[in-house]
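Observations on the model geometry
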Amino acid sequence: MRNFLCILLISYFMVSCDPKDPSANAGAVQEINLQVLPKVNGLEAKVNQFYHLKNGDSILFSRLDFYMQGLSFKDKSGKSALLDSVFLFSNKSSTNKLSLKSSSLPTTIDSISFLCGLGDLTNSLDPNSYPESHPLSSWKNMYWTMGSKYRFVVLEGNIKTASGSLIPYSFHTGLTYKYTANIPVSITLNVSTINLYKLNLNIDRVFYPSLGSQVDYKNNETQAHGDAADGPLTDKVALNFSRAFSIE
């Protein structure tokens, strides 16, 4: 009987120390990495190259820069981890990767959210006070004026219609035109592996959103730069932009 109890105790400690036991990772430092990628109709999009839209037209971007702030990872219970630093995506950068390492990261992530733009406090700061490499630096060419502050999104390029005509577009959002992206996901992190995911900006959805109003570029909805007259189009682009992200 004594030998049987000893075997049970040994078995218990072996199981409780097994690293495969989910409870063994409680409070462990988790890490998640996001590679931000522009895409058009599921294809990874590169600067100054045309890609087909669903209606037979084609699109290219010549410049794509945008801010993200307040990146949050949440599970269904409400547990969350926040990366509050400012991230600037630029088509001129070769990395465009976000990384968060924290013991507060949920093991199972059910939603990812972030502001497509800058918070009011951040937007009020002086771009000349930052070194050249900082995302808020004046060197990044994302600042308008003292009155209008930062541009949140800069998206420029051309659309080639099926008939062959070329339509240039230029969208610069800023001021109050900013929305939060909320992306439902199903991600389970593992402390023993590198958790790398693609955060796709689907440029075609800025023009043809699955939810929202289309940008009617064939009827002059091609220019929005923060002027009062541009307000409705700037707002439409900002909203569509926030809904154009997906995770894989």
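Here we summarise the structure given alongside this text. None of the values given here were measured: they were computed from a predicted structure. (Residues numbered from 1 in each chain as written. Predicted model: local features only at pLDDT ≥ 70, side-chain atom pairs only at ≥ 80, totals over all residues. Heavy atoms only, no water.)

**Observations regarding the overall build of the protein chain**
What the protein chain contains, in helices and strands, is four helices and 14 strands. Put simply, the protein chain has 248 residues, and 46% of those count as buried. The long-range share in the protein chain, meaning contacts at least 24 apart out of those at least 6 apart in sequence, stands at 69%. Total accessible area on the protein chain is roughly 13100 Å²; 54% of this is exposed by carbon and sulfur atoms. (Helix = DSSP H or I, 4+ residues; strand = E, 2+ residues; numbered from the N terminus. Buried < 20%, exposed > 50% of the residue type's maximum accessible area, 1.4 Å probe, protein only. Contact = heavy atoms within 4.5 Å. Areas by Shrake-Rupley, 256 points an atom, 1.4 Å probe, with all protein chains shown as cover.)

**Notes on the side chain of Asp204**
Within the fold, Asp204 resides in helix α3 (residues 203–207). For Asp204, the residues in contact, after removing those within four places along its chain, are Lys39, Val40, Asn41 and Leu53.

**Remarks on the pattern of salt bridges**
Under the criterion given, the structure shown has seven salt bridges. When the shortest N-O distance is used, the salt bridge between Lys218 and Asp57 registers 3.4 Å. Note that Lys218 is positioned in the loop between α3 and β13 (223–224) and Asp57 in the loop between β3 (51–52) and β4 (58–74), a separation of 161 residues in sequence. Salt-bridge contacts for Asp120 lead to Lys178; the nearest nitrogen and oxygen are separated by 2.9 Å. On the criterion of sequence distance, the pair formed by Asp120 in helix α2 (residues 120–123) and Lys178 in the loop between β10 (166–174) and β11 (180–188) is long-range, its members being 58 residues apart. On the accessibility criterion, Asp120 (63% relative accessible area) is exposed. A single network of salt bridges, built from pairs that share partners, joins Arg63, Asp65 and Lys92. (Salt bridge = Lys/Arg side-chain N within 4 Å of Asp/Glu carboxyl O.)

**Side note on the environment of Leu83**
In this fold, Leu83 is placed in strand β5 (residues 80–83). C-alpha separation for the pair Leu83 and Ser72, spaced eleven residues apart in sequence, amounts to 6.3 Å. Apart from residues lying up to four places away in sequence, Leu83 is in contact with Gly70, Leu71, Leu98, Ser99 and Leu100.

**As for the pairing of strand β1 (residues 30–40)**
Burial of β1 is extensive: ten of the eleven residues sit out of reach of the surface. Inspection of the sheet shows β1 paired to strand β7 (residues 97–102) by six bridges, in the antiparallel sense. Bridged to Asn33 within β7 is Ser99. Sheet analysis places β1 next to strand β12 (residues 196–202), joined by seven bridges and oriented parallel. Note that in β12 the partner of Leu37 across the bridge is Asn200. In this structure, β1 lies alongside strand β2 (residues 43–44), joined through two bridges in antiparallel fashion. Counterpart to Lys39 in the pairing with β2 is Glu44. (Pairing = 2+ DSSP bridges.)

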